[in-house]
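# Results of the structural survey
Here is how the chains run, residue by residue.
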Amino acid sequence: MKITKTTAAVLAATSLLSLSTQANEPVWDANKVQLVAEKLDDGVYAYYPTDAKELEKKGLPVATSGGFVVGDKGVLIIDTMLNERLNKQVQGMVRKEAKKPIIYAVNTSFHGDHSYGNMYLPKDTKIIQHEVTQDYIDTHFEQDTQFMMQNFGKGRGIEEIVPTDADILVGKGGTIKLDLGGKNVDIIDFGFAQTGGDLFVWEPESKTMWTGNPIITVKPSLPWLLDGHLLETLDSLKKVKAFLPEDATVVPGHGSPMSPEDIQWHIDYLEAIKTQVQQAIDDGLSLGETVKKVQLQSLLVTLCVIGFTLR
């Protein structure tokens, strides 16, 4: 059985959208989300929804998380949110905690809830993206806004968004270092983790990493394999886990701060799928038979199977 990557992406997106659109309800409501800033170390902050800790324990969707790092020269924001309302909350937290200009903003991926707020940044802020992210926004922006409105609803400020070009691009497998003045931050591409343009942000002094969507939040959250790249995602998450000290702090894409050990849940889950799906393929089972046989959540198994080609 061989399914094209394009078909895998379409089927995966369709299956995921059905979770949020069956009752025409947004995954979470960007007109209602309230963010809170948590100080992790001197000049190092996470921001996340006020209800994140409650929702993540129940396995329910949590709005976007991010953070900011404050140096003597200015501030780096990690992810700029879905709309003007949420971006203003982030900028308000920066003003309150830092009282310094926002000199950089990094988008961990092209997803609108991590990048649409770019257009509301101060004009002197330099935007950092992966080159894959920039290319996707250049070529698929209208498609992405439709995807976002299907998931998060109309009337949430998405209709107003226009793409904003990045000032600094990170290449495949690349790393860039930012000097914020007394604070150095690394922007790292560990490989395909969800979109092919995933950036991880590392502040070594506080041992803090922001992951974006490759790590949604703590268990029972599961990896979101939108394009079905199980093997690449598994390899990248292993690299991230190996990179992190045991006492590091991880800020996921949609939850409150967690530990590096929490990433092992995601790795173990993908390893289990890899083993069981490969056995089903070796046994010559069809897609339907594989989903029925593999005793894991059928949705994720289906997404892995349709995009899964062992090499």
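Structural notes, computed from the coordinates. None of these values were measured; they are calculated from a predicted model.

## Section: the overall build of the chain
- A count of helical and extended segments in the chain gives nine helices and twelve strands.
- Counting over 311 residues, the chain shows a buried share of 55%.
- Pairs at least 24 residues apart make up 67% of the contacts formed inside the chain by residues separated by at least 6 positions.

## Examining the packing of aromatic side chains
- Under the criterion given, the structure shown has eight aromatic pairs.
- Pairing Phe110 with Tyr136 gives two aromatic rings, centres 3.7 Å apart and planes at 15°, and the pair type is stacked. Taken as a pair, Phe110 in the loop between β5 (102-106) and α4 (112-115) and Tyr136 in helix α5 (residues 131-152) lie far apart in primary sequence, 26 residues in all. You'll find Phe110 and Tyr136 in the same group, each marked buried.
- Considering the side-chain rings of Trp265 and Tyr269, the 6.4 Å spacing of their centres and the 40° angle between planes classify their relative orientation as tilted. Residue Trp265 and its partner Tyr269 are both found in helix α7 (residues 263-282); the two are separated by four residues, about one turn of the helix.

## Focus: α5
- Taking 1.5 Å of rise per residue, 22 residues should cover 32 Å, yet α5 covers just 26 Å from first to last C-alpha, more than 12% shy of that figure.
- Within the sequence span of α5, burial applies to Thr133, Gln134, Tyr136, Ile137, Phe141, Asp144, Thr145, Phe147, Met148, Met149, Asn151 and Phe152.
- A positive phi of about 90° marks Gly153, the residue just after α5.

## Some points on the packing of helix α6 (residues 230-243) against α7
- Where α6 meets α7, the axes come as close as 10 Å, and the angle between the chain directions of the two elements is 150°. Overall, the two elements α6 and α7 adopt an arrangement that is roughly antiparallel. Between α6 and α7 lies a crossing whose hand is left-handed. Side by side, α6 and α7 meet where Leu230, Leu231, Thr233, Leu234, Leu237, Lys238, Val240 and Lys241 of the first sit next to Ile263, Gln264, His266, Ile267, Leu270, Glu271, Ile273 and Lys274 of the second.
- Tallied by class, the residues present in the contact of α6 with α7 amount to nine nonpolar, three polar and four charged.

## Here's the deal with the sheet that holds strand β3 (residues 66-70)
- Pairing within the open sheet is mixed, and its seven strands lie in the order β1-β2-β3-β4-β5-β6-β7. A strand with exactly one partner marks an edge of an open sheet, and here the two such strands are β1 (35-41) and β7 (168-170). Sheet twist, expressed as the mean angle between neighbouring strand axes with direction ignored, is 20°.
- Sheet topology note: the β3/strand β4 (residues 75-78) ladder contains four bridges and is antiparallel. Across the sheet, residue Val69 finds its bridge partner in β4, namely Leu76.
- On top of the sheet, helix α3 (residues 84-97) reaches β1, β2 (44-49), β3, β4 and β5; it is set at about 40° to β1, its chief contact.
- The sheet contacts of α5 involve β6 (126-130) and β7, and relative to β6 the element is tilted by about 95°.

## Examining the sheet that holds strand β10 (residues 200-203)
- Taken in spatial order, the five strands of this open sheet run β8-β9-β10-β11-β12, and their pairing is mixed. Here the strands that pair on one side only, and so sit at the sheet edges, are β8 (175-179) and β12 (249-252). Between one strand and the next, the sheet's axes are offset by a mean angle of 20°, whatever the strand orientation.
- As paired elements, β8 and strand β9 (residues 184-188) share five bridges and run antiparallel to each other. Residue pairing across strands places Thr175 opposite Ile188, the latter belonging to β9.

So, how was this worked out
- Residues numbered from 1 in each chain as written.
- Predicted model: local features only at pLDDT ≥ 70, side-chain atom pairs only at ≥ 80, totals over all residues.
- Heavy atoms only, no water.
- Helix = DSSP H or I, 4+ residues; strand = E, 2+ residues; numbered from the N terminus.
- Buried < 20%, exposed > 50% of the residue type's maximum accessible area, 1.4 Å probe, protein only.
- Contact = heavy atoms within 4.5 Å.
- Phe/Tyr/Trp six-rings, centres within 6.5 Å; stacked < 30°, edge-to-face > 60°.
- Expected span 1.5 Å × (residues − 1).
- Axes fitted to C-alpha atoms, helices over the stretch in contact; angles between N-to-C directions.
- Parallel < 35°, antiparallel > 145°, perpendicular 65-115°, else oblique.
- Left-handed = near helix turned anticlockwise from the far one by under 90°.
- Nonpolar A, V, L, I, M, F, W, Y, C, P; charged D, E, K, R; others polar.
- Pairing = 2+ DSSP bridges.

Honestly, that's just the spatial picture; any functional story needs more than this.
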